[in-house]
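Listed here are the chains, written in short residue letters.
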Amino acid sequence: MTREDMLARLIAQASTEGGELVTLRAIVEESSELGAKRVLDRLGLGDPGAQDDLDELRELLSAWRDAKASAWKAAVEWLVRGILALLLVGIAVRLGAGEMLS
């Protein structure tokens, strides 16, 4: 029995017997599971290999975030080194180290 059939039977039961709480809860549960399955199918995630695909995408996203963080860290380190080198050159010029080399 498919979920659609189960939902149709529950709705028929609710209409004949009245809306008992158990029947209404079963209708809500079946309809929400059916809706979730439809959404997953529309997104292309309804097949058995979808979990593996999602795991792989999470790994790729994690690697991308790590690479991006490393790139920013390296860029900041090089910027700080450049500023410190310029500062040292400025101090050397100020102290007259250029004349001592000539």
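Residues numbered from 1 in each chain as written. Predicted model: local features only at pLDDT ≥ 70, side-chain atom pairs only at ≥ 80, totals over all residues. Heavy atoms only, no water.

### Side note on a nonpolar patch on the surface
Taken together, the side chains of Trp-72, Val-76, Val-80, Leu-84, Leu-87, Leu-88, Ile-91 and Leu-95 define a hydrophobic patch exposed on the protein surface, amounting to about 860 Å² of accessible area. By secondary structure assignment, the location of Ile-91 is in helix H3 (residues 50–95). (Patch = residues over 30% accessible without salt bridge, like charges linked within 9 Å, V, L, I, M, F, W, Y side chains within 5 Å. Areas by Shrake-Rupley, 256 points an atom, 1.4 Å probe, with all protein chains shown as cover. Salt bridge = Lys/Arg side-chain N within 4 Å of Asp/Glu carboxyl O. Helix = DSSP H or I, 4+ residues; strand = E, 2+ residues; numbered from the N terminus.)

### Remarks on helix H1 (residues 3–17)
End to end, H1 covers 21 Å across 15 residues, agreeing with the expected 21 Å (1.5 Å per residue, within 8%). For H1, the complete set of buried residues consists of Leu-7, Leu-10 and Ala-14. In a view along the axis of H1, the buried residues occupy a sector of 60 degrees, so they form one face of it. H1 presents Arg-9, Ser-15 and Thr-16 as exposed residues on the side facing more than 90 degrees away from its buried surface. (Expected span 1.5 Å × (residues − 1). Buried < 20%, exposed > 50% of the residue type's maximum accessible area, 1.4 Å probe, protein only. Arc of directions from axis to C-beta.)

### Details of the packing of H1 against helix H2 (residues 21–42)
Following both chains from N to C, one finds H1 and H2 inclined at 155 degrees, their axes separated by 9 Å at the closest point. Taken together, the axis directions place H1 and H2 in an arrangement best described as roughly antiparallel. As for how H1 packs across H2, the hand of that crossing is left-handed. Of H2, the residues touching H1 (which contributes Arg-3, Glu-4, Met-6, Leu-7, Leu-10, Ile-11, Gln-13 and Ala-14) are Thr-23, Ala-26, Ile-27, Glu-30, Ser-31, Glu-33, Leu-34 and Arg-38. By residue class, the composition of the contact of H1 with H2 is eight nonpolar, three polar and five charged. (Axes fitted to C-alpha atoms, helices over the stretch in contact; angles between N-to-C directions. Parallel < 35°, antiparallel > 145°, perpendicular 65-115°, else oblique. Left-handed = near helix turned anticlockwise from the far one by under 90°. Contact = heavy atoms within 4.5 Å. Nonpolar A, V, L, I, M, F, W, Y, C, P; charged D, E, K, R; others polar.)

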